[in-house]
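Geometric and topological summary
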Amino acid sequence: MSNWRYIPNLITAIRLATVPLLVWWLYDGQFNNALSLFILMGLSDALDGYLAKYFGWKTALGAYLDPAADKTMLIGAYITLGALHLLPHWLVFIVILRDVAILAGALAYNFATRRLEIQPTLISKSNTFVQIILVLAVIYGQLNPVPDLLVQTLIGIAVFTTVASGLDYLMEERSKRVSSRHPGKQV
């Protein structure tokens, strides 16, 4: 029965393994397939999270694998949609820069403390949601008309949440570093 606790990790690993297929279908213009797969990937993320929380099937591997799968899925979609000129290159750059900055901050904190911690915040969860909705709108827009104003609004919201969540993470990392050097001091 204890092996059941690895089901969320299996679901996450499958999501991670399907990213190249998503990228290929987008690049190849198979937008129906890409849209269906992206929706399934999103549902699988919700399912593995639910199983891990509801049944207590959380693992150390899952704590790293799940966000890696999410980021790989989103970055793969953003890079491909940018390469296809369906998303602005500057937006793709901002999305990637945020993730690189967060990872660099976490690695610096890990180097200083020997603990790697990246905890999602409300703004980062909102950012992920907005980025997913934008990808869905862009892919869906290749199959059916989507108002340009909707896509442009989603791009604007994605820029705001991406920058805000990136700054939030960096401020949190700074606060952790100061707290680890000066215990008891609030930043």
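In this text, all values refer to a predicted model and were calculated from it rather than measured experimentally.

Looking at the packing of aromatic side chains
Under the definition given, this model contains five aromatic pairs. On the numbers, 6.3 Å between centres and 40 degrees between planes, the contact of W24 with Y27 is tilted. Separated by three residues within a single helix, W24 and Y27 lie in helix α2 (residues 19-27), roughly one turn from each other. Under the relative-accessibility criterion, W24 is labelled partly exposed at 47%. Y27 sits in the exposed class, given a relative accessible area of 55%. Between F55 and W57 the ring centres are 4.6 Å apart and the planes differ by 20 degrees, which places this aromatic pair in the stacked class. Exposure remark for W57: the relative accessible area of 16% places this residue in the buried category. One aromatic cluster is present, formed by W4, Y50, Y54, F55 and W57 through successive ring pairs.

Structural notes on the environment of I155
Summarising the element assignment, I155 is placed in helix α7 (residues 148-181). According to the relative accessible area criterion, I155 is buried, its value standing at 5%. With 20 residues separating them in the primary sequence, I155 and V135 have C-alpha atoms 9.8 Å apart. Leave out the neighbours within four places in its chain, and I155 touches L87, P88, W90, L91 and L134.

Definitions and limits used
Along each chain, residues carry numbers from 1 onward, in the same order as the chain's sequence is written. The predicted origin of the model limits local features to residues at a pLDDT of at least 70 and limits the giving and counting of side-chain atom pairs to 80 or more, whereas totals for whole chains, interfaces and linings rest on all residues. Calculated side-chain values reflect all of the structure's heavy atoms, with hydrogen atoms and water omitted. Only centres within 6.5 Å qualify two rings of Phe, Tyr or Trp (six-membered ring in Trp) as a pair; their planes then separate them into stacked at under 30 degrees, edge-to-face at over 60, and tilted for everything else. Each helix corresponds to a stretch of at least 4 residues labelled H or I by DSSP, and each strand to a stretch of at least 2 residues labelled E; elements are numbered beginning at the N terminus. Only protein chains enter the area calculation, which uses a 1.4 Å probe; residues under 20% of their type maximum are buried, those over 50% are exposed, and those in between are partly exposed. Any two residues whose heavy atoms approach within 4.5 Å are treated as being in contact.

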